[in-house]
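# Residue-level structure breakdown
The chain contents come next:
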Amino acid sequence: MDSRHRAFVNFAWLNVGYNLLVIMWGAFVRATGSGAGCGDHWPLCDGQVIPRAPDTAQMIEFSHRVTSGIALLLAVALLVWALRLFAAGHPARRAAIATMVFMIVESLIGAALVLFRLVAHDVSLTRALSLGLHLINTFLLIGAMALTAWYASGKPAPELRGKGGLLGMLIAALIGTALVGSSGAVTALGDTLLQLGVLPGGVSQAITLDSHPLVWMRIIHPVLGTLVGLAMITLAQRAMRYDPSPATRRLAWATAAIFVGQIFLGTINVILKAPVWMQLVHLLFADLAWLTLVLLSATLLARPSTVAALHAPVVSGSPAR
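Residues numbered from 1 in each chain as written. Predicted model: local features only at pLDDT ≥ 70, side-chain atom pairs only at ≥ 80, totals over all residues. Heavy atoms only, no water.

Where an unreviewed UniProt entry is consulted, the protein chain appears under the name Cytochrome oxidase assembly protein, with the organism given as Chloroflexus islandicus. Looking at the Subcellular location (unreviewed entry) heading of the UniProt record, one finds this comment for the protein chain: "Membrane". (UniProt positions renumbered as here; feature names shortened; annotations may be inferred.)

## Points about the overall build of the protein chain
Regarding its fold elements, the protein chain presents nine helices and zero strands. In the protein chain, the succession of α and β elements from N to C terminus is α-α-α-α-α-α-α-α-α. Against the 2.2 N^0.38 benchmark of 20 Å for 321 residues, the protein chain shows a C-alpha radius of gyration of 21 Å, consistent with a compact globule. Overall, the protein chain is about 65 × 50 × 25 Å in size when its C-alpha atoms are taken along their principal axes. Split into buried and exposed, the 321 residues of the protein chain put 48% on the buried side. For the protein chain, the proportion of contacts with a sequence separation of at least 24, taken over those separated by at least 6, is 78%. (Helix = DSSP H or I, 4+ residues; strand = E, 2+ residues; numbered from the N terminus. Rg over C-alpha atoms; globule rule 2.2 N^0.38 Å. Buried < 20%, exposed > 50% of the residue type's maximum accessible area, 1.4 Å probe, protein only. Contact = heavy atoms within 4.5 Å.)

## Some points on the pattern of salt bridges
Counted by the stated rule, this structure contains four salt bridges. One salt bridge connects Arg117 with Asp40, and the closest N-O pair in it is separated by 2.7 Å. Of this pair, Arg117 sits in the loop between helix 3 (91–115) and helix 4 (125–152) while Asp40 is found in the loop between helix 1 (3–31) and helix 2 (56–85), placing the two residues 77 residues apart along the sequence. Judged by relative accessible area, which is 55%, Arg117 ranks as exposed. A residue is classified by how much of its surface remains accessible, and Asp40, at 28% relative accessible area, is partly exposed. With its nearest N and O atoms 3.0 Å apart, the salt bridge here joins Arg65 to Glu61. Note that Arg65 and Glu61 are positioned in helix 2 at a spacing of four residues, about one turn of the helix. The same class applies to Arg65 and to Glu61, which are both buried. (Salt bridge = Lys/Arg side-chain N within 4 Å of Asp/Glu carboxyl O.)

## Considerations on a nonpolar patch on the surface
On the surface, a nonpolar cluster with roughly 290 Å² of combined accessible area is contributed by Leu83, Ile97, Val101 and Val105. With three residues, the top contributor of residues to the nonpolar patch is helix 3. Judged by relative accessible area, which is 37%, Leu83 ranks as partly exposed. (Patch = residues over 30% accessible without salt bridge, like charges linked within 9 Å, V, L, I, M, F, W, Y side chains within 5 Å. Areas by Shrake-Rupley, 256 points an atom, 1.4 Å probe, with all protein chains shown as cover.)

## Side note on the environment of Ala57
Position of Ala57 among the secondary structure elements: in helix 2. Owing to a relative accessible area of 26%, Ala57 belongs among the partly exposed residues under this scheme. Those residues in contact with Ala57 that sit more than four places away from it in its chain are Ser34 and Gly37.

## Focus on the domain arrangement of the protein chain
Here the domain parsing of the protein chain yields domain 1 (1–157) and domain 2 (158–306). Just the C-alpha atoms count here: the centres of domain 1 and domain 2 sit 21 Å apart. If you look at the interface, domain 1 gives 32 residues, while domain 2 gives 34 residues. Roughly 2,800 Å² is buried in total at the junction of domain 1 and domain 2, and carbon and sulfur atoms are behind 80% of that figure. Three residues stand out in domain 1 for area buried against domain 2, namely Met24, Arg30 and Phe139, and they jointly supply 23% of the buried area on that side. Scanning the region where domain 1 abuts domain 2 turns up zero salt bridges. (Domains from an automatic or database assignment. Buried area = accessible area lost by both parts, 1.4 Å probe.)

Given below as structure tokens:
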């Protein structure tokens, strides 16, 4: 890999890391109830380019908009660089285009949340659904960014022919992980509204049939997350049988370990009554779980088709030949 491609790969991974920070800060905005800090103005903040004498909520929201704007500019730079560096049809070029598309959608969703006042103390199901969709698009965004760096580093493009069973399993895993992440975003919203006193009862209340749907998510999300986490362990085992190469084994182990870690972190989050810092840690690991699964999928789909190994029984010992 020459210096131009190496520099691009480093820049692409820098984009991934920076966007993870932006995502964490966005979650902090929601967790502190600061989403209405700039009122229902967008892209201006309370009708101003730079707010004068801002209060704490306005400063938190404004800083998130600034960091998000920088993320947009970095995505534009990534796309322009990819278009100049890679030929048409190159997977890194396609991933960079997808990154730009998802970044635009991300901006539009964020703007809609503000303009329709689906922020701060709003308890509507519309806001909950919007946050769930926001999280899914965020996953797609950072996944596309990671694939841009991945393919730019010389990794082979996916080959989908003859991979029906494998492709179906990976799609199911990606959809399941996206649903868990989406339900986690909605659950975190409920925790925030409970802690802010917007929803009655507090975070220690018993959940009954009459509880608000956002409160019910405090049961639904952990159950769904545990089921998907256990399924990821099985997927990791089968992935290593399908492709016992060191690279795949590392990604498979990382995927399984992060999903198990997520179950542990989720348990701690419940025990501690969802403090803000723990919500941020839980979200970060959710993003990392998604990224490792995306890269594991890209690695498996680039391998020659050997579907029989994927469906072999999972037992201890050496991989089936």
